[in-house]
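# Summary of structural features
Chain residues, written in single-letter form:
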Amino acid sequence: MTTYGLLIFDNAEELDIVGPWEVFTASAAQRGDADTAVLIAEQPQPIRCAKGMRMIPDHTLDDHPPLDVVLVPGGAAARETLPQNKNVIDWLVQTSATAAWTTSVCTGAFLLRAAGLTHGRRVATHWAYEDRLEALGDHTVVRDARYVVDGNLLTSQGVSAGIDSALWLVGALHGRDHARAVRRVLQYEPAPPYLADEPLPTPR
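Computed from a prediction, not measured in an experiment: that's the story for all the values here.

### Structural notes on the overall build of the chain
From N to C terminus, the chain includes 7 helices and 11 strands. Relative to its length of 204 residues, the chain is compact, with a C-alpha radius of gyration of 17 Å against a globular reference of 17 Å. Here the C-alpha coordinates of the chain stretch approximately 50 × 40 × 35 Å along the principal axes. Buried residues in the chain amount to 49% of all 204 residues. In the chain, 64% of the contacts between residues at least 6 apart in sequence involve partners at least 24 apart.

Okay, structure coming up:
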């Protein structure tokens, strides 16, 4: 059984949370609901994400089950205010010490860095914040990969890249064939419109 814990907080980016959540819960369904995913916040009240979506935490920092996977989303708070929040930083340090995997999406890497979890590691973040993260100087920012694996640390680039890293993770945990089955259930076959040098797709 795998328990995924997704940290949520005000002004977190919605897809940083919802994308991996969809992957983890689809994975659990494929495994007969052997796994579980929970939302964890500092306080029990609902949080409001960056674009206005509200989320209700299942647990607080003090009352969640043991976690196999810790996921930290990005957003303004992850890079501006939460790195100074001792409660959150201490929780990340303690929880990551016992989790099999610690992961981040987008600028969640800044929060991992504040907890000392990126020291000496290769990491990824949103393209607009790569220079800023690199300037902090105790890790190597990888700029040409959707996600980066360094030991048990998994970090990804911005927003939608969290889906890619979550699919990689369920494959690492439960096998590539399982990850492929999850991807098919989600019908995750990226084919974005408006790519350079391509004709516009014909709507059907």
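### Here's the deal with the UniProt feature "domain: DJ-1/PfpI" (unreviewed entry) in the chain
Under the present numbering, the feature "domain: DJ-1/PfpI" (unreviewed entry) in UniProt falls on residues 6-167. Here residues 6-167 runs as 34% helix and 22% strand, with 15 Å between its end C-alpha atoms.

### Considering the sheet that holds strand β5 (residues 59-60)
One open sheet accounts for 7 strands, arranged β5-β2-β1-β6-β7-β11-β10; its pairing is mixed. Lying at the two open borders of the sheet, with one neighbouring strand each, are β5 and β10 (147-150). Pairing of strand β1 (residues 3-7) with strand β2 (residues 36-41) involves 5 bridges; the strand directions are parallel. When the bridges of β2 are listed, L6 appears paired with L39. Seen against the sheet, helix α3 (residues 86-98) touches β1, β2, β6 (69-72) and β7 (101-105) and runs at an angle of roughly 150 degrees to β6.

### What to know about the packing of aromatic side chains
The tally for this structure, following the rule as stated, stands at 4 aromatic pairs. Plain terms: the ring middles of Y4 and F24 are 4.0 Å apart, the flat faces sit at 10 degrees to each other, and that makes the pair stacked. Taken together, the residues span a long stretch of sequence, with Y4 in strand β1 and F24 in helix α1 (residues 14-30) at a distance of 20 residues. An identical accessibility class is assigned to Y4 and F24; each is buried. Pairing F110 with Y129 gives two aromatic rings, centres 6.4 Å apart and planes at 90 degrees, and the pair type is edge-to-face. Separated by 19 residues along the polypeptide, F110 in helix α4 (residues 108-114) and Y129 in the loop between β8 (122-123) and α5 (130-135) bring together distant segments of the chain. These aromatic residues form a ring-pair network of at least three members: W101, Y147 and W168.

About the criteria used
Residues numbered from 1 in each chain as written. Predicted model: local features only at pLDDT ≥ 70, side-chain atom pairs only at ≥ 80, totals over all residues. Heavy atoms only, no water. Helix = DSSP H or I, 4+ residues; strand = E, 2+ residues; numbered from the N terminus. Rg over C-alpha atoms; globule rule 2.2 N^0.38 Å. Buried < 20%, exposed > 50% of the residue type's maximum accessible area, 1.4 Å probe, protein only. Contact = heavy atoms within 4.5 Å. UniProt positions renumbered as here; feature names shortened; annotations may be inferred. Pairing = 2+ DSSP bridges. Axes fitted to C-alpha atoms, helices over the stretch in contact; angles between N-to-C directions. Phe/Tyr/Trp six-rings, centres within 6.5 Å; stacked < 30°, edge-to-face > 60°.

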